Amino acid sequence: GFLALVAVLMALDLGVHRKRPQVLSLREALAWTGLYITLAMGFCLMVYFIYQHNWLGAGVEWREDLTGAEASLKFFTAWLLEWSLSLDNIFVIVLIFSHFQVPTEQQHRVLFWGILGALVLRATMVLAGIALLDHFDWIVYVFGSLLLLTAIRMLAARHDNLQPHRNLFVRICKRILHLTDDFRGSAFIVREGGRLHATPLFLSLVVVESTDLLFALDSIPAAFAVTRDPFLVLTSNMFAVLGLRALYFALAGLMSRFRYLKMSLVFILAFIGVKFLLSHHVHIPTIVSLAVIIGFLSVGIMTSVLHNDSVPLVSPLETEEEALTKNTSGRDRE
C-alpha cells in the first residue's frame, strides 16, 4: 500500500510537469513542500494506528516490540533526521546544475529521475542493512564509525571545489558513450549519425545519482540508529526523498545564507554515530535523539539568520550564462 502511494505521487508529479516543463515558482515549491510534509505527518499518524492495533503483525513480529506511540515517534525522528541530512544534498545539487549549466526548465526532469533512482537505491540499501544487522552484531560498530567519519569529512569538505568531471561514473560514461557538445532539449540520449549520444543533461543525472549513493551510505545507517524496524526506516527515508525536489526549488536560492547549517549536520551525524557505537551498552531514548536533532537544527538556522547580513542572496537556479547576462545588463544600466 505504501509503495502504491509512492507510485501515485511520482505519477502525479511527472504528469503535472510533463505538461508544463518549467522551473517551479517559489509559491509552487513551497506548496509542494507543504504537501509532502503534510503527507509525512499524516502517515506518522497512520503508523500509530498500525502499530497500536498490530496490523499485519506490526509492533509484534517486525523485529521490534513497539506501541503505537513509540513507533510514530521513531518514524518522525527518522524522517526529520533524513530530511535534515537532505539539506546538504541540496547544496551539492545546486553546484552540479551550475557546473553543467543545466537550463532551469530542465532541472525538474533531472531531479525527478534522480529521485526515482534514489528511491530504488535506498530501498535496496535498507534491505541490505537489515540483513547485515540481523546476521552480524558487530556491524553496528562499522555503521557508527562510518557516521563519525562522515561527520569529520563533512566538517573538512568544501562544496565550492566540487569537480563533477572527475566523478568515476562520468569518466566511465565519457569512455563508453559518444557525447553531444550541448543540450538537446529535454533528451538524455539522442541518436545522431546512426549513433547514440549522451547529452550534458544525462551526465548531470549521472552525477546526481552517484552523489545520492554517497549520501545514502550516511543516511541509511543514521536511520538504523533510530530504529531497526525496516518498515519505519524505509518509509521515513522515502518520504524525505520524495520532498527533495520541491525542497530544492524552495530553498536553492537561500542555501548560501544558511552557512552554519552544515555545522549542525556535523554535530547531528556525530551524535548518531556515538549512539550507534554505544547501542550495545547504553540505551539513548528516541525522545532524546529527537530533541538533539531539533536542537542542533534550530541553533544552526537561528545562527545563520542572525549572521547573514554579509552573505549576498544569489540564485543558483541560474546558469552561469544567465548570471553573466544579468550582471552585464546591470552594468549597462549603470
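Small disclaimer: the values here were computed from a predicted structure and weren't measured. Residue indices follow the written sequence of each chain, beginning from 1 at its first position. Two thresholds apply to this predicted model, a pLDDT of at least 70 for residue-level local features and 80 or more for giving and counting side-chain atom pairs, whereas whole-chain, interface and lining totals are computed over all residues. In computing side-chain values, all of the structure's heavy atoms are included and hydrogens and water are not.

J.: Please give an account of the pairing of strand E2 (residues 189-192) that cites residues and values.
T.: By the convention used here, strands pair only if DSSP detects at least 2 bridges between them. Secondary structure elements are defined from DSSP: runs of H or I of at least 4 residues count as helices, runs of E of at least 2 residues count as strands, and each element is numbered from the N terminus. By the bridge criterion, four bridges tie E2 to strand E3 (residues 195-198) in an arrangement that is antiparallel. Paired with Val-190 across the strands is His-197, a residue of E3. Where E2 folds back on E3, the antiparallel hairpin that results is connected by two residues, among which Gly-193 adopts a positive phi of roughly 60°.

J.: An account of the sheet that holds E2 is requested, with residue identities and associated values reported.
T.: Taken in spatial order, the three strands of this open sheet run E1-E3-E2, and their pairing is mixed. Here the strands that pair on one side only, and so sit at the sheet edges, are strand E1 (178-179) and E2.

J.: Explain the packing of aromatic side chains residue by residue, including any values.
T.: Side-chain rings of Phe, Tyr and Trp (the six-membered ring for Trp) are treated as a pair once their centres are within 6.5 Å; stacked means planes under 30 degrees apart, edge-to-face means over 60, and tilted covers the remaining angles. What the rule picks out here adds up to 17 aromatic pairs. Measuring from ring centre to ring centre gives 5.1 Å for Tyr-248 and Phe-249, while their planes differ by 80°; the resulting arrangement is edge-to-face. We classify Phe-249 as buried; its relative accessible area is 4%. Within the aromatic cluster, the residues linked to one another by ring pairs are Phe-2, Phe-43, Phe-75, Phe-231 and Phe-239. Arg-245 extends its terminal NZ or CZ atom over the ring of Trp-32, reaching a point 5.3 Å from the ring centre. Relative accessibility under 20% of the residue-type maximum defines a buried residue, over 50% an exposed one, and the middle range a partly exposed one, all with a 1.4 Å probe and only protein chains included. For a ring to carry a charge above it, either NZ of a lysine or CZ of an arginine must fall within 6 Å of the ring centroid while also lying within 35 degrees of the normal to the ring plane.

J.: Describe in detail the pattern of salt bridges, supporting the description with residues and values.
T.: By definition, a salt bridge exists where a carboxyl oxygen of Asp or Glu is found within 4 Å of a side-chain nitrogen of Lys or Arg. According to the stated counting rule, one finds five salt bridges in the structure shown. A salt bridge links Arg-122 to Asp-212; its shortest N-O distance comes to 2.9 Å. Of the two residues, Arg-122 is situated in helix H4 (residues 104-135) and Asp-212 in helix H7 (residues 200-226); the sequence distance between them amounts to 90 residues. Look at the salt bridges and you will find they share partners, linking Glu-82, Arg-122 and Asp-212 into a network.

J.: Could you give an account of the packing of helix H5 (residues 139-156) against helix H10 (residues 261-277), with specific residues and numbers?
T.: Any two packed helices are characterised by how steeply their axes cross, that is the angle between the axes, and by the distance between the axes. The axes used here are C-alpha line fits, helices contributing only the stretch in contact, and every angle between their N-to-C directions lies in the interval 0 to 180 degrees. Contact geometry of H5 with H10 gives a least axis separation of 8 Å together with a crossing angle of 165°. Taken together, the axes of H5 and H10 lie roughly antiparallel to each other. Once H5 is placed against H10, the crossing between them reads as left-handed. Contact with H5, carried on its side by Val-140, Tyr-141, Phe-143, Gly-144, Ser-145, Leu-147, Leu-148, Thr-150, Ala-151, Met-154 and Leu-155, involves Lys-262, Met-263, Leu-265, Val-266, Leu-269, Ala-270, Ile-272, Gly-273, Val-274, Phe-276 and Leu-277 of H10 and no other residues of that element. Each residue gets one label: Ala, Val, Leu, Ile, Met, Phe, Trp, Tyr, Cys and Pro are nonpolar, Asp, Glu, Lys and Arg are charged, and the others, such as Gly, are polar. For the contact of H5 with H10, the per-class residue count stands at 17 nonpolar, four polar and one charged. Relative orientations are named as follows: roughly parallel for angles under 35 degrees, roughly antiparallel for angles over 145 degrees, roughly perpendicular for angles from 65 to 115 degrees, and oblique for any other angle. Left-handed describes a crossing whose near helix is turned anticlockwise from the far helix through less than a right angle; right-handed describes the clockwise counterpart. Contacts are assigned to residue pairs that have any heavy atoms within 4.5 Å of one another.

J.: Would you mind going over the environment of Phe-215 in detail, with residue names and values included?
T.: Mapped onto the fold, Phe-215 is located in helix H7. Once the C-alpha coordinates of Phe-215 and Thr-150 are considered, the two residues, 65 residues apart in sequence, prove to be 9.5 Å apart. The contact partners of Phe-215, leaving out residues within four places of it in the chain, are Asp-88, Asn-89, Val-92 and Arg-122.

J.: Please give an account of the side chain of Gln-107 that cites residues and values.
T.: You can see Gln-107 is positioned in helix H4. A residue is classified by how much of its surface remains accessible, and Gln-107, at 1% relative accessible area, is buried. Polar contacts, as counted here, are pairs of nitrogen or oxygen atoms within 3.5 Å of one another; within protein the pair requires one atom able to donate a hydrogen and one able to accept it, and residues that are adjacent in sequence qualify only if both atoms are side-chain atoms. Within the structure, Gln-107 has its side chain in polar contact with the backbone oxygen of Val-102 (distance 3.3 Å). A polar contact of 3.2 Å, which involves the side chain of Gln-107, links it to the side chain of Tyr-248.

J.: Tell me about the nonpolar core, and name the residues and values.
T.: Remark: nonpolar core denotes a set of buried residues (Ala, Val, Leu, Ile, Met, Phe, Trp, Tyr, Cys) joined through side-chain atoms within 4.5 Å. Of all hydrophobic cores here, the largest spans 94 residues; its most connected members are Tyr-51, Leu-81, Phe-97, Leu-119, Phe-224, Tyr-248 and Ile-272. The residues touching Tyr-51, leaving out its near neighbours within four places in the chain, are Ala-58, Gly-59, Trp-62, Leu-66, Thr-67, Gly-68, Ala-71, Asp-229, Phe-231 and Leu-232.

J.: Before we move on, can you summarise H10 with the specific residues and values?
T.: Between its first and last C-alpha atoms H10 spans 25 Å; for 17 residues at 1.5 Å apiece the expected length is 24 Å, and the two agree. In terms of burial, H10 is a largely internal element, 12 of the 17 residues being buried. Residues Leu-261, Lys-262, Ser-264, Leu-265, Val-266, Ile-268, Leu-269, Phe-271, Ile-272, Gly-273, Lys-275 and Phe-276 constitute the buried set of H10. Packing partners of the buried residues in H10 comprise helix H3 (68-100), H5, H7 and helix H11 (286-306). How far a helix is expected to stretch is found by multiplying one less than its residue total by 1.5 Å.

J.: Quick rundown of the confidence of the model for the protein chain? Include the residues and the values.
T.: The predicted model of the protein chain has a mean per-residue pLDDT of 83, with 86% of residues at 70 or higher. Note: pLDDT gives the predictor's confidence per residue, expressed from 0 to 100. Mean pLDDT across the elements of the protein chain ranges from a minimum in helix H12 (residues 320-333), with 45, to a maximum in helix H8 (residues 230-242), with 93. pLDDT under 50 marks residues 310-334. Its contacts with residues more than four places away, or in other chains, come to 32 contacts.

J.: Tell me about the environment of Gly-273, and please be specific about residues and values.
T.: Within the secondary structure, Gly-273 is located in helix H10. On the basis of relative accessible area, Gly-273 is assigned to the buried category, the value being 0%.

J.: Let's hear about the packing of H3 against H10: which residues, and what values?
T.: Here H3 crosses H10 at 135°, and the two axes come no closer than 10 Å. Taken together, the axes of H3 and H10 are oblique relative to one another. When the axes of H3 and H10 are compared, the crossing they make is left-handed. Along its contact with H3, which presents Leu-81, Ser-84, Leu-85, Leu-87 and Asp-88, the element H10 presents Leu-261, Leu-265, Ile-268, Leu-269 and Ile-272. Residue composition of the contact of H3 with H10, grouped by class: eight nonpolar, one polar and one charged.

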